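The chain contents come next:
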Amino acid sequence: MSRLARWRTPIAFAMLILVVLWVGQNGYRQDLAILMVTYGLISLGLYSHYIMGNSMSVAYNAYVAIGGYALGVLCVRTDLSMFLALPIGIVISAAVAVLLGLTTYKLSGFYLAAVTLLFGEAFAAWLVDSTGITGGASGVTLTRGLTLFGSEVTRQHLVIAALVTLFLAAWGLDRLRTSPFGIALRAKGDAPRAVESSGVSTRALTLVSLGIGAGLGAVAGWYFAAVNLSMLPESVPLSVAFVALFIPFLGGYRSPWGAVVGAVVVTELTFNLTWFQDTGTLAFAIAVLVVLIFARRGLLGLLGDVLAWAVRLIRRDGPLHKEGRDHVQPSA
Amino acid sequence: MPIELVVPTLETGCFFGLIALALFMVKESAALFNFAVGGLAVVGGMASSAITVGHGLPLVLGVLAAVAFGVALGLCIEVLVVAPLVKPGGGEDHHVVMALVAGLFALQQIAGVAFGKSALPGATWMKGDVLDVGKFVVSAQALIEIAVTLGLFVAIGMLLRGTRLGRQFRSIGDNTQAATMLGMPVRRIRLLAFASSGLLAGLAGALFANRAGVAFTSALQFTLFGFLAFVIGGAANVWGPLAGGIGLAFLQAFAIYYFGPAALTYVTFAVAALFFALRPEGIFVKRVRA
């Protein structure tokens, strides 16, 4: 394990505390944070099956919408606790992902990406069409606030919970990556026949990883709707799923924390970049290309290289090394 | 389906066919899918519209700009994106695929920044009707679009089948590693393939922009529909992409006519899922003598 890898979780935890303190009660910062969490959870979802398992399934606008609409529909049509919408959304989106995975099991690469993107587009059209369920083009607006044990859950509470969820999801995937399941999943991505011949079902691995990804997408949708108090067909367009595809590569695909780093960068570039109007997404696109061509391990990989170089530099020029060097030098 | 819808559907099919042909050129010679074609078509269409409709300059300048942008950006993609990543033996690597998809995304954003975020209306190449028999009307513009598409398919078919350059294209695409060992100009052919892909996509964008205007956000959809047309038609010969494009356009037109506009996305998804799963090699398949 590299020096940076050992410190990733404590550094991420420290960053989480700093971000929570920075967001505070500022509405604009809360918007930034929730956008970052949405991108982050979608990217982590993609990480679970695309980066680890080489299944380029990208219908994330559908999974996020399912999570958001589950909350909206439950709020408007029932008196049940709105927290129930979270497991309901996760189960429905995972079921949709598994069904889509079963029908597209034989596909890989851009063939799979194309079909799942078209599914995402068809799902977006269905959201507008199904006025009776989704409210059609007007979407659903939350008519009551979230409560937990009788206390009101404020926007700030939700944003903090969303940030903690993002941290836990990245930490969980980091653990999963090195677990027997994660190792089998990664091996499936590289050599599916070898995994199949060792008695592990590659189909089951793919479907489980797709379900995990879709579940994370639904969680993102739930938070998005809960914080914004509404869910519309255009809340999470297909372009978001398309953008999210690049986030793990930008941040660094060798660790789920890379997806979080990428989500921070894309939020900063597409939402908060004010130095040159309207070019944030272009800057992101160029950054992705530069990283893919010149720094294939992403920003985290680049940071690791810089740290390793700095450590080498300190060791070479540091006092201990100088003493050692003086010690072995022959006396004049 | 009413007869008056046949010609507009054929026009759409020609557009899909040209985008699929742009994919075919690179797939045939470099064993890669140039997913950036949608972005090249958008840049071509928007550049042509900005010059002709926006600045009132002659049509020929708009078309030339679309083609020049297409060729230049196609070459840029090869030099800046593909060449640093592709392995000596060729073929599709995970990173090359992602880089080409990122290229599509970058071109889309470049078009948005350079030509604006609103859809631009395309220029009409020629006004008036050529044929008017009852409900069956063929506009001069439609005739030009179909004629230019057919002309390009015939020219590229002849180039690939009947010339030494064409044989080099096909042999490198079939086995890049063997072609490299035989000393064939692999890099030069790949550059030519990306340039021709850019030319076709840019021209397609300029030619068909007048139908519904062109917006920078259309790039992904252009690539998806072109890719679908390519898969439906197959890569057996140069006519596969055109057959795939026309087939896809008629399926979409049927769906919209009988089931409403939303059916477009449902039918496109169903067609993609069925073809990719059951017949990923397409309708026309390469026959090899045993």
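Residues numbered from 1 in each chain as written. Chains lettered and ligands numbered in written order. Predicted model: local features only at pLDDT ≥ 70, side-chain atom pairs only at ≥ 80, totals over all residues. Heavy atoms only, no water.

Draft legend 1. Spatial organisation of the interface of chain A and chain B. Counting residues at the interface gives 35 residues for chain A, matched by 39 residues for chain B. Its largest share of buried area at the contact with chain B, chain A owes to F110, Y111 and L118 of chain A, together 20% of the area lost on that side. The tally of links from chain A across to chain B stands at 0 salt bridges. Our count for the contact surface shared by chain A and chain B stands at 2 residue pairs in polar contact (both at pLDDT 80 or more). The greatest single-element share of the side of chain A that touches chain B, amounting to 12 residues, is contributed by helix α5 (residues 109-129) of chain A. Its residues assigned to classes, the side of chain A that touches chain B shows 27 nonpolar, 4 polar and 4 charged. (Contact = heavy atoms within 4.5 Å. Buried area = accessible area lost by both parts, 1.4 Å probe. Salt bridge = Lys/Arg side-chain N within 4 Å of Asp/Glu carboxyl O. Polar contact = N/O pair within 3.5 Å; in protein donor to acceptor, adjacent residues only side chain to side chain. Helix = DSSP H or I, 4+ residues; strand = E, 2+ residues; numbered from the N terminus. Nonpolar A, V, L, I, M, F, W, Y, C, P; charged D, E, K, R; others polar.)

Draft legend 2. Main features of helix α7 (residues 155-178) of chain A. The first and last C-alpha atoms of α7 of chain A sit 35 Å apart over 24 residues, in line with the 34 Å expected at 1.5 Å per residue. Within α7 of chain A the residues assigned to the buried category are L158, V159, A162, L163, L166, F167, A169, A170, L173, D174 and R177 of chain A. (Expected span 1.5 Å × (residues − 1). Buried < 20%, exposed > 50% of the residue type's maximum accessible area, 1.4 Å probe, protein only.)

Draft legend 3. Structural view of helix α9 (residues 219-233) of chain B. Residue and element names in this part refer to chain B. An ideal rise of 1.5 Å per residue puts 21 Å on 15 residues; α9 measures up with 21 Å between its terminal C-alpha atoms. In terms of burial, α9 is largely enclosed, as 14 of its 15 residues are buried. Looking one or two residues beyond α9, the residue adopting positive phi is G234, at roughly 85°.

Draft legend 4. Region of the structure containing the nonpolar core. Core analysis: the biggest nonpolar cluster contains 194 residues, and L44, F246 and F284 of chain A together with I77, F227 and F276 of chain B have the highest contact counts within it. If we skip the residues at most four places from it in the chain, L44 of chain A touches L166, A169, A170, L173, L216, P256, A259 and V260 of chain A. (Core = buried A, V, L, I, M, F, W, Y, C linked by side-chain atoms within 4.5 Å.)

Draft legend 5. Spatial organisation of a nonpolar patch on the surface. Residue and element names in this part refer to chain A. There is a patch of nonpolar side chains on the surface, built from W7, I11, F13, M15, I17, L18 and L21 and spanning about 750 Å² of accessible area. Its place among the elements puts I11 in helix α1 (residues 3-23). Judged by relative accessible area, which is 40%, I11 ranks as partly exposed. (Patch = residues over 30% accessible without salt bridge, like charges linked within 9 Å, V, L, I, M, F, W, Y side chains within 5 Å. Areas by Shrake-Rupley, 256 points an atom, 1.4 Å probe, with all protein chains shown as cover.)

Draft legend 6. Up close: the pattern of salt bridges. In the structure shown here, the tally under the stated rule is 4 salt bridges over all chains. For R297 of chain A, the salt bridge goes to D305 of chain A, with nearest N and O atoms at 2.5 Å. With a relative accessible area of 40%, D305 of chain A lands in the partly exposed category. Connected through shared salt-bridge partners, E78, R187 and R190 of chain B make up one network.

Draft legend 7. Representation of the environment of F169 of chain B within the structure. Residues and elements named next belong to chain B. Here F169 shows up in helix α6 (residues 164-174). C-alpha separation for the pair F169 and F105, spaced 64 residues apart in sequence, amounts to 27 Å. The residues touching F169, leaving out its near neighbours within four places in the chain, are M25, E28, S29, L160, I189, L192 and A193.

Draft legend 8. Examining the environment of A255 of chain B more closely. All names here are of chain B. Mapped onto the elements of the fold, A255 is located in helix α10 (residues 239-259). On the basis of relative accessibility, which here comes to 2%, the residue A255 falls in the buried class. Sequence separation between A255 and Y266 is 11 residues; the distance between their C-alpha atoms is 8.7 Å. The residues touching A255, leaving out its near neighbours within four places in the chain, are G260, A263 and V267.

Draft legend 9. Region of interest: the UniProt feature "transmembrane region" (unreviewed entry) in chain B. Feature annotation in UniProt assigns "transmembrane region" (unreviewed entry) to the following positions: residues 6-24, 31-53, 59-83, 95-116, 136-160, 191-209 and 215-235 of chain B. Taken end to end, residues 95-116 of chain B is 95% helix and 0% strand, and its first and last C-alpha atoms sit 30 Å apart. (UniProt positions renumbered as here; feature names shortened; annotations may be inferred.)

Draft legend 10. Expanded view of the packing of helix α3 (residues 59-82) of chain B against helix α4 (residues 94-115) of chain B. All names here are of chain B. Interaxial distance between α3 and α4 falls to 11 Å at its minimum, and their mutual angle equals 135°. For the element pair α3 / α4, the angle class is oblique. Considering the relative orientation of α3 and α4, their crossing is right-handed. Contact with α3, carried on its side by L73, I77, V81 and V82, involves A99, L100 and L107 of α4 and no other residues of that element. (Axes fitted to C-alpha atoms, helices over the stretch in contact; angles between N-to-C directions. Parallel < 35°, antiparallel > 145°, perpendicular 65-115°, else oblique. Left-handed = near helix turned anticlockwise from the far one by under 90°.)

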